[in-house]
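Summary of the model geometry
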Amino acid sequence: MENQDNKLQDKLVRQFADFEKNWNGSVSEHFRNLRKEAIHHFGRMGFPTTRQESWKYTNIKPATANAYESAVDPPEPISRDAIAPYLLPETCRLVFVNGQFQPDLSEIPELSAQMVVQPLSRAFKEHPELLEEHFARYGKYEGSSLTALNTAYADGGTFIYIPDQTISEHPVHLIYLTDGRSGHRISYPRNLVVAGKNSQVKLIETSASTGGEACFVNAVNEVRVMDHAHVEWFKVQEENLLDFHVDHAFVNQDQNSYCKIHTVTTGSAITRNDLNITLNGSGCETHLYGLYWLGSKQHVDNHTLIDHARANSYSNELYKGIMDGQSTGVFNGKVMVRQDAQKTNAFQSNKNILLSDEATINAKPELEIYADDVKCSHGATSGQLDEQSLFYLKSRGIDPGKAAALLTFAFASEVLEHISVEPLKQYLSEKIQQRTGIAW
Amino acid sequence: MLSIKDLHVSIAGKEILKGLNLEVKKGEVHAIMGPNGSGKSTLASVLAGREDYEITKGEIYFHQQDLTEWDPDVRAKEGIFLAFQYPVEIPGVSNANFLKTAVNEIRKYKGLDPLTAVDFLKLIKEKARLVELDASMINRSVNEGFSGGEKKRNEIFQMAVLEPELAIMDETDSGLDIDALRIVSDGVNHLRSDDNAFVVITHYQRLLNYIVPDVVHVLHDGKIVRSGDKSLALELEEKGYDWIKSDPASAV
């Protein structure tokens, strides 16, 4: 395994030279240097191993055992049918297959003045100043070799720029489809979102796959939320069970801004989500919601970090998990309250239901508090469905299996309730209902 | 309808019911009164099929069938309903979805087609009126954030929707103010018929002013020590449970 690990690492470093050649001088010196430094960093660090504290419970060796072809290969044609299940009405939609933008499957309506929603590859050419100002500024790769790898290769992804005082009328829906039909593929989705002062935007990010061979998605997201801006971001991860999904997100919030992130995970063999939220200004509000429902031998690892740097901010975190089969889960929620962050309110809760004796969850809250006038709390639970509630349902004539399904759905719906895009809430609610086997 | 013979029940090795006998016929309302710890709630729980209770001796028949082996949902499908003393809150499941599931599960058991959405809604509205429940509460989560009185009314509302043959009310009156007590009682009186029966478990006589029983039983130390008509409840109210406790022999 150690060998295969290095083999893929060497191959990815080696292939960078070919990737570089394709630029044909179209990339500025700034980005050339950045990407080179990033690939060198990845070459030095390699893939994370369980010897690193933050990867202790997530072994990604199975993900690095395949001979992936680079995502720059042109994908096979994808029909509309393949994305049909994920479509939502009235959105600004961008579709990518193995990281390649698909104009025919995308639909970008007329946008508010000055607002930009475009593939990152085009943004490098059309908005070089904005990219130089923001790209890789929030997502520092020094602490994460996978972020470095993404930074070196990223051109598939979306640039979203909401100017000051602008409200995005439609939610932006990004669909990242992984196509493993003609072999193992690796892709590097990279999204950069800049929400200007007092702006508002909702984003939906769907990660799905068409099947075939196992694929590896190594995503990085950067979000800057300026003064009084309001960003909501819904991540739906439903790739097939052979795939691997790693996602590093870096959110920087300025004063009085609002950010809400939902992460719903039902797919992939291994999923790792790192949400790094930095509250640089005072008066920020942050909500993180997570829902994961795993079976068979699936694994999910949600790492969150909320860094309260200034006073009077509020953060609230609720992650819920339903674990079946021999699935394994990790929740690691770190809240940092720095010395200047007086009057911080930070709440965190992780609740898990184990539907099977063989499923396991590791929950680790980490509170690091350097200010003295704060309110912080955390809690983690894991267990079975509540016996009293089961009995109550059964005593009304509902058979035991259905009673369990109802309670499981109820458990999940606490997270779905906070989704403000109604068609998405409906979509996820139906998905959960189907999985529980409820029909009403 | 219901026939309990020499019932002995233990929980965690401690015997609570010690030879209880009870016969309930169609069309009857039985009140079971008794001091705290006499085994009233245990009787209700055992009838509904709560798992932690162990029947060590005796028999329970429902329509000449041994019900002790039935799962709780089967008991409900066969027509037994327990109005809980402490109804459970179930966040995330709406009253409507909960009841629709229950109604249709019971219908399926009886070989009936599921109710259509329209018919179900009609049923719900009609029964909600009966217990003066606000229609908006139908879409709220089961009992979540309900006051004590609302929870009890919701129990009677469910009873009205499911139309059981045998309804067991476990201290439904506890914690009710006089208005809620009247609403709950009116609901029950409306549901009384020649085809069903009620077992009303209560600590106080007060409820029996509204739901007038055919038979009153006094439970003490796991046994029914005295049975009589509704005047027994009044006598008990007057003399207190010490009367029974000090002289259980006079009961027989």
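Being a predicted model, the structure only gives us computed values, none of them experimental.

For the rest of this paragraph, the subject is the overall build of chain A. Within chain A, the regular secondary structure consists of ten helices and 21 strands. A compact globule built from 440 residues should have a C-alpha radius of gyration of about 22 Å, and chain A, at 21 Å, falls within 12% of that. Split into buried and exposed, the 440 residues of chain A put 60% on the buried side. A separation threshold of at least 6 residues defines the contact pool for chain A, and within that pool the share at least 24 residues apart is 84%.

Moving on: helix 10 (residues 422-436) of chain A. Helical geometry note: an α-helix holds 3.6 residues per turn, so side chains three or four residues apart project in the same direction. All names here are of chain A. The first and last C-alpha atoms of helix 10 sit 21 Å apart over 15 residues, in line with the 21 Å expected at 1.5 Å per residue. Listed in full, the buried residues belonging to helix 10 are Leu424, Leu428, Ser429, Ile432, Gln433 and Thr436. Projection of helix 10 onto a plane perpendicular to its axis shows the buried side chains occupying an angular sector of 170 degrees, all on one side. Buried positions along helix 10 lie against strand 9 (200-212), strand 11 (230-238), strand 13 (258-265), strand 15 (285-294) and helix 9 (400-416).

This part takes up unusual backbone geometry. All names here are of chain A. For Asn98, which is not glycine, the phi dihedral falls at a positive 45 degrees. Backbone geometry places Gln165, a non-glycine residue, at a positive phi of 60 degrees. Positionally, Gln165 belongs in the loop between strand 5 (157-162) and strand 6 (172-180). Gln165 gets classed as exposed once you look at its relative accessible area, which sits at 56%.

Pairing between the strands of a sheet is mediated by backbone hydrogen bonds and can be parallel or antiparallel. All names here are of chain B. Strand order in the open sheet formed by four strands is 2-1-4-5, with antiparallel pairing between adjacent strands. Each having just a single partner strand, strand 2 (14-24) and strand 5 (65-66) make up the two edges of the open sheet. As defined by bridge partners, strand 1 (residues 2-11) adjoins strand 2 across eight bridges and the pair is classed as antiparallel. Paired with Leu7 across the two strands is Leu20, which belongs to strand 2. Lying on the sheet, helix 1 (residues 40-48) is in contact with strand 1, strand 2 and strand 4 (53-62); it crosses strand 1 at an angle near 110 degrees.

What follows deals with the interface of chain A and chain B. Of the residues lining the interface, 19 residues belong to chain A; the matching set on chain B comes to 31 residues. Contact between chain A and chain B buries roughly 2200 Å² in total, counting both sides, with carbon and sulfur atoms accounting for 63%. Counting across the interface, chain A meets chain B through three salt bridges. Two residues, Glu51(B) and Lys394(A), come together in a salt bridge whose shortest N-O distance is 3.5 Å. At the boundary of chain A and chain B, one finds eleven residue pairs in polar contact (both at pLDDT 80 or more). Breaking the side of chain A that touches chain B down by element, the ones donating at least two residues are helix 8 (387-394) and helix 9 of chain A. For the side of chain A that touches chain B, the per-class residue count stands at ten nonpolar, five polar and four charged.

On to the environment of Pro213(B). All names here are of chain B. For Pro213, the position within the fold is in the loop between helix 7 (207-210) and strand 11 (215-220). Put simply, Pro213 and Thr202 are eleven residues apart on the chain and 12 Å apart in space, counted from C-alpha to C-alpha. Ignoring anything within four residues of it in the chain, the contact list for Pro213 reads Val29, Ala31, Leu208 and Lys230.

We now examine the packing of aromatic side chains. Here a ring pair, both rings aromatic, is described through the centre-centre distance and the interplanar angle of the planes. Residue and element names in this part refer to chain A. Under the definition given, this model contains 18 aromatic pairs over all chains. Taking the centre distance of 5.0 Å and the plane angle of 55 degrees together, the rings of Phe19 and Tyr153 count as tilted. In this pair, Phe19 is assigned in helix 1 (residues 2-21) and Tyr153 in helix 7 (residues 145-153), connecting sequence segments 134 residues apart. Overall, the relative accessible area of 4% leaves Tyr153 in the buried class. One aromatic cluster is present, built from ring pairs that chain together Phe16, Phe19, Tyr153 and Tyr188. Here Arg272 stacks its cationic end above the ring of Trp55, 4.0 Å away from the centre of that ring. Of note, Lys320 hangs over the ring of Phe411, and the distance from its end group to the ring centre comes to 4.1 Å.

All names here are of chain A. Each assigned domain of chain A is listed with its residue range as follows: domain 1 (2-280) and domain 2 (386-440). The centre of domain 1, based on its C-alpha atoms, is set 32 Å off from the matching centre of domain 2. If you look at the interface, domain 1 gives 15 residues, while domain 2 gives eleven residues. The partner of Lys431 in a salt bridge is Glu238, and the shortest N-O contact between them spans 2.7 Å. Our enumeration of links across domain 1 and domain 2 arrives at six residue pairs in polar contact (both at pLDDT 80 or more). The set of elements that each furnish at least two residues to the side of domain 1 that touches domain 2 consists of strand 9, strand 11 and strand 13. The greatest single-element share of the side of domain 1 that touches domain 2, amounting to four residues, is contributed by strand 11. Looking at the side of domain 1 that touches domain 2, its residues break down into nine nonpolar, two polar and four charged.

In this section: the pairing of strand 11 of chain B. Residue and element names in this part refer to chain B. Taking burial as the measure, the six residues of strand 11 include five buried ones, the bulk of the element. The pairing of strand 3 (residues 29-33) with strand 11 spans four bridges and is classified as parallel. Within the sheet, the bridge partner assigned to Ala31 lies in strand 11 and is Val216. Pairing of strand 11 with strand 12 (residues 223-228) involves five bridges; the strand directions are antiparallel. From the neighbouring strand, Val218 faces strand 12, where its bridge partner is Arg226. Between the end of strand 11 and the start of strand 12, which pair antiparallel, lie two residues, with Asp221 showing a positive phi angle near 50 degrees.

Reading the values: the criteria
Residues numbered from 1 in each chain as written. Chains lettered and ligands numbered in written order. Predicted model: local features only at pLDDT ≥ 70, side-chain atom pairs only at ≥ 80, totals over all residues. Heavy atoms only, no water. Helix = DSSP H or I, 4+ residues; strand = E, 2+ residues; numbered from the N terminus. Rg over C-alpha atoms; globule rule 2.2 N^0.38 Å. Buried < 20%, exposed > 50% of the residue type's maximum accessible area, 1.4 Å probe, protein only. Contact = heavy atoms within 4.5 Å. Expected span 1.5 Å × (residues − 1). Arc of directions from axis to C-beta. Pairing = 2+ DSSP bridges. Axes fitted to C-alpha atoms, helices over the stretch in contact; angles between N-to-C directions. Buried area = accessible area lost by both parts, 1.4 Å probe. Salt bridge = Lys/Arg side-chain N within 4 Å of Asp/Glu carboxyl O. Polar contact = N/O pair within 3.5 Å; in protein donor to acceptor, adjacent residues only side chain to side chain. Nonpolar A, V, L, I, M, F, W, Y, C, P; charged D, E, K, R; others polar. Phe/Tyr/Trp six-rings, centres within 6.5 Å; stacked < 30°, edge-to-face > 60°. Lys NZ or Arg CZ within 6 Å of the ring centre and 35° of its normal. Domains from an automatic or database assignment.

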